[in-house]
Amino acid sequence: MKRITVVGTGYVGLVTAAGFADLGNRVVALDIDEAKIAQLRRGDMPIYEPGLAEMVERNVKAGRLSFTTSYAEAIPGAEFVFIAVGTPQAVNGEADLRYVEAAARSVAEHMTAPLIIVNKSTVPVGTGDWVAEIVRRHQKEPIPFSVVSCPEFLREGSALYDFMNPHRVVLGSLDPEAAEKVAQLHLPLRAPILITDLRTAEMIKYASNAFLATKISFINEIANICEALGADVKEVARGMGYDPRIGPLFLEAGLGFGGSCFPKDVQALARMAEDMGRHPQLLHAVLDINADRRRMAVERVAELLGGDLTGKVVGLLGLAFKPNTDDMREAPSIDIARGLLERGARVRAYDPIAMDNARRILPEVEMMPDPYTLAQGADALMVITEWNEFKQLDLERIRDAMRQPVLFDGRNIYDPARMAELGFVYRGVGRGHPLPEAVRNGAPPPGSNMAHP
Ligand code: UDX
């Protein structure tokens, strides 16, 4: 049993705190937000994450997990302090490190014994060294400490599973002994542990997220080309995925990536590169392609409705940036709803759990109680989030409720042939499009040097 303090009770902090407590450690979770700590003490979770409430309850009852707003209570006696505060994005794409700075300073002011400070937040490369400097400057007396970077790779919606079953644990420090101690904490997870230097560990996080975002933009670019040439991107991805050098995951074409990590991290990495005089062309392309997905979705629905969206009723199936979360951060639904509204459409939406959060961001969008009410009198429906419940809909009932059976499937959850059979005017992404005129009737393939036979 080790004594751990986790600073920050957002997604990462709360999951890390609950996870380490469940592994048998004594964990104090600290947040400066008093309302949030009061809520957690009542057993009420500030975020939706499957299994989290139960895990928190179990560990609070067992006396392994507690919540506080007081550094004076949480720091003395701790052997490890995990910093898991938010690193929001400033308007110019830079990471805003004010919460990291405040946390480091408070930890320094309250430490009374040697400490290992572990940074979980996604921070620009070089932050670990900067944190060490802040701590040194704000200590009341020089007490030894080490800074270790331990980036998180948790996905929302399966964050607890990911914590307990990591593909790897990355640790970076200038102090190998401290890194080794943090490695010990992770031993029960039986994952490969990579110990490296601070900056390299910080970079591994950005490079991993940028690579995954690139995979998504890549398949979205391929989807665009598939549409133009009459190929099916879902099958293309399947065919590519068997090659172990490519792999089958993260090749789902759709409306692009959202959420709290990919958009922010790719921009931050590009920004770091530019600040150092480099030209991150690929990263810019990844972001451009992603922004285009949202414009494309609006364009596609306008096309399906004859070009003019004025007064048309468009229903959004799903609002969250991905299924199994109520998180609206950088959700494609935001840009898509705004794009539709700008073009004069009336927009309504249904999401199993994100509507409360969405109301604040999209006050002009009318929230509906279920998919069938959403479909009532709609000129078009758009699948924005691939919730399982949308895969099970009674599509005949949906079709009959609509004013016109137009469905744009932004996540490719339905089968184009079946949708056509049901009488829908259906478009998927990179599939389910009518073959363009230019490539019909045995015409020479585009990109070849052949003339018409
Ligand atoms: C991600 C990383 O997976 C995680 O390792 C990191 O720590 C934080 O960022 P998360 O943002 O929770 O996690 O979501 P994830 O499930 O990875 O999906 C990210 C976005 O990509 C979603 O908007 C999703 O819809 C989109 N996506 C994902 C695709 O469009 N296609 C895919 O094939 C996969």
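On a predicted model such as this, the values are computed, not experimentally measured, just so you know.

A. Spatial organisation of the overall build of the protein. Secondary structure assignment for the protein yields 18 helices and 14 strands. The C-alpha radius of gyration of the protein comes to 25 Å, within 12% of the 22 Å expected for a compact globule of 453 residues. Across its three principal axes, the protein shows a C-alpha extent of roughly 80 × 50 × 40 Å. Within the span of the protein, comprising 453 residues, buried residues form 54% of the whole. Accessible surface for the protein amounts to roughly 20,800 Å². Of this, 52% is attributable to carbon and sulfur atoms. Across the protein, 50 positive and 59 negative side-chain charges occur, with their mean positions spaced 2 Å apart.

B. Broad picture of helix 6 (residues 127-138). For helix 6, with twelve residues, the first-to-last C-alpha span of 16 Å sits near the 16 Å given by 1.5 Å per residue. Regarding helix 6, the residues found buried are Thr 127, Gly 128, Val 131, Ala 132, Ile 134 and Val 135. What you see down the axis of helix 6 is that its buried residues fit within an arc of 160 degrees, all on one side. The elements touched by buried residues of helix 6 are helix 5 (98-110), strand 5 (115-119), strand 6 (145-149) and helix 9 (198-229).

C. Here's a closer look at the sheet that holds strand 10 (residues 346-350). Pairing within the open sheet is parallel, and its six strands lie in the order 11-10-9-12-13-14. Edge positions in the sheet fall to strand 11 (366-367) and strand 14 (425-427), since each has one partner strand and no second. Relative to strand 10, strand 9 (residues 313-317) runs parallel, the two sharing five bridges. In the strand pairing of strand 10, Val 314 is matched with Val 347. Its contacts with the sheet put helix 12 (residues 281-304) on strand 9, strand 12 (380-383), strand 13 (406-409) and strand 14, and the angle it makes with strand 13 is roughly 160 degrees. Against the sheet, helix 13 (residues 332-342) makes contact with strand 9, strand 10 and strand 12, and its axis sits at roughly 175 degrees relative to strand 9, the strand it touches most.

D. View of the packing of helix 9 against helix 10 (residues 233-241). Look at helix 9 against helix 10: their axes get within 9 Å of each other, and the N-to-C directions meet at 130 degrees. Judged on the interaxial angle alone, helix 10 and helix 9 are oblique. The way helix 9 lies across helix 10 gives a crossing that is right-handed. For the pair helix 9 and helix 10, contact is made by Phe 218, Ile 219, Ile 222, Ala 223 and Cys 226 and by Val 233, Val 236, Ala 237 and Met 240, respectively. Looking at the contact of helix 9 with helix 10, its residues break down into nine nonpolar, no polar and no charged.

E. Representation of the site of the ligand within the structure. Glu 156, Glu 252, Gly 258, Cys 261 and Lys 322 are the nearest of the 19 residues found near the ligand. Between Lys 205 and the ligand, the recorded distance is 3.3 Å, taken from a side-chain N or O atom to an oxygen atom. Burial of the ligand by the surrounding chains reaches 91%, relative to a free accessible area of 670 Å². Considering every element that reaches the shell around the ligand, the biggest residue donor is helix 9, with three residues. Residues of the shell around the ligand, tallied by class, amount to nine nonpolar, three polar and seven charged. Looking at which domains feed residues into the shell around the ligand, each of domain 1 (3-196) and domain 2 (230-427) gives three or more.

F. How the structure looks around helix 2 (residues 34-41). Burial in helix 2 covers these residues: Ile 37, Gln 39 and Leu 40. Looking straight down helix 2, one finds that the buried residues subtend no more than 160 degrees of arc, so they occupy a single side. The outward face of helix 2, more than 90 degrees from its buried face, is lined by the exposed residues Glu 34, Ala 35 and Arg 41. In this structure, the buried side of helix 2 is in contact with helix 1 (11-22), strand 2 (26-30) and strand 3 (65-68). The opening residue of helix 2 is Asp 33, an N-cap whose side-chain oxygen sits 3.1 Å from the backbone nitrogen of Ala 35. One or two steps after helix 2, the chain reaches Gly 43, where phi turns positive at roughly 85 degrees.

G. Examining the packing of aromatic side chains more closely. What the rule picks out here adds up to five aromatic pairs. When the ring of Phe 20 is compared with that of Phe 163, the centres are 5.2 Å apart and the planes differ by 90 degrees; the resulting orientation is edge-to-face. Here Phe 20 is found in helix 1, whereas its partner Phe 163 is found in helix 7 (residues 159-164), with 143 residues between them in sequence. Accessibility assignment for this pair places Phe 20 and Phe 163 in one class, buried. A centroid spacing of 6.0 Å and a plane angle of 85 degrees characterise the contact between Phe 257 and Phe 262, whose relative ring orientation is edge-to-face. Grouped by ring-pair contacts, the aromatic residues Phe 20, Phe 82 and Phe 163 constitute a single cluster. Positioned above the aromatic ring of Phe 153 is the side chain of Arg 168, whose terminal nitrogen or guanidinium carbon lies 3.6 Å from the ring centre.

H. View of unusual backbone geometry. Unusually for a residue other than glycine, Arg 190 sits at a positive phi of about 50 degrees. On the basis of relative accessibility, which here comes to 77%, the residue Arg 190 falls in the exposed class. Phi at Phe 250 is positive, roughly 60 degrees, even though this residue is not glycine. By secondary structure assignment, the location of Phe 250 is in the loop between helix 10 and helix 11 (262-275). Residue classification places Phe 250 among the partly exposed residues on the basis of a relative accessible area of 35%.

Criteria and thresholds
- Residues numbered from 1 in each chain as written.
- Predicted model: local features only at pLDDT ≥ 70, side-chain atom pairs only at ≥ 80, totals over all residues.
- Heavy atoms only, no water.
- Helix = DSSP H or I, 4+ residues; strand = E, 2+ residues; numbered from the N terminus.
- Rg over C-alpha atoms; globule rule 2.2 N^0.38 Å.
- Buried < 20%, exposed > 50% of the residue type's maximum accessible area, 1.4 Å probe, protein only.
- Areas by Shrake-Rupley, 256 points an atom, 1.4 Å probe, with all protein chains shown as cover.
- Lys, Arg positive; Asp, Glu negative; His and termini not counted.
- Charge placed at Lys NZ, Arg CZ, Asp CG, Glu CD.
- Expected span 1.5 Å × (residues − 1).
- Arc of directions from axis to C-beta.
- Contact = heavy atoms within 4.5 Å.
- Pairing = 2+ DSSP bridges.
- Axes fitted to C-alpha atoms, helices over the stretch in contact; angles between N-to-C directions.
- Parallel < 35°, antiparallel > 145°, perpendicular 65-115°, else oblique.
- Left-handed = near helix turned anticlockwise from the far one by under 90°.
- Nonpolar A, V, L, I, M, F, W, Y, C, P; charged D, E, K, R; others polar.
- Near = heavy atom within 4 Å.
- Polar contact = N/O pair within 3.5 Å; in protein donor to acceptor, adjacent residues only side chain to side chain.
- Domains from an automatic or database assignment.
- Phe/Tyr/Trp six-rings, centres within 6.5 Å; stacked < 30°, edge-to-face > 60°.
- Lys NZ or Arg CZ within 6 Å of the ring centre and 35° of its normal.

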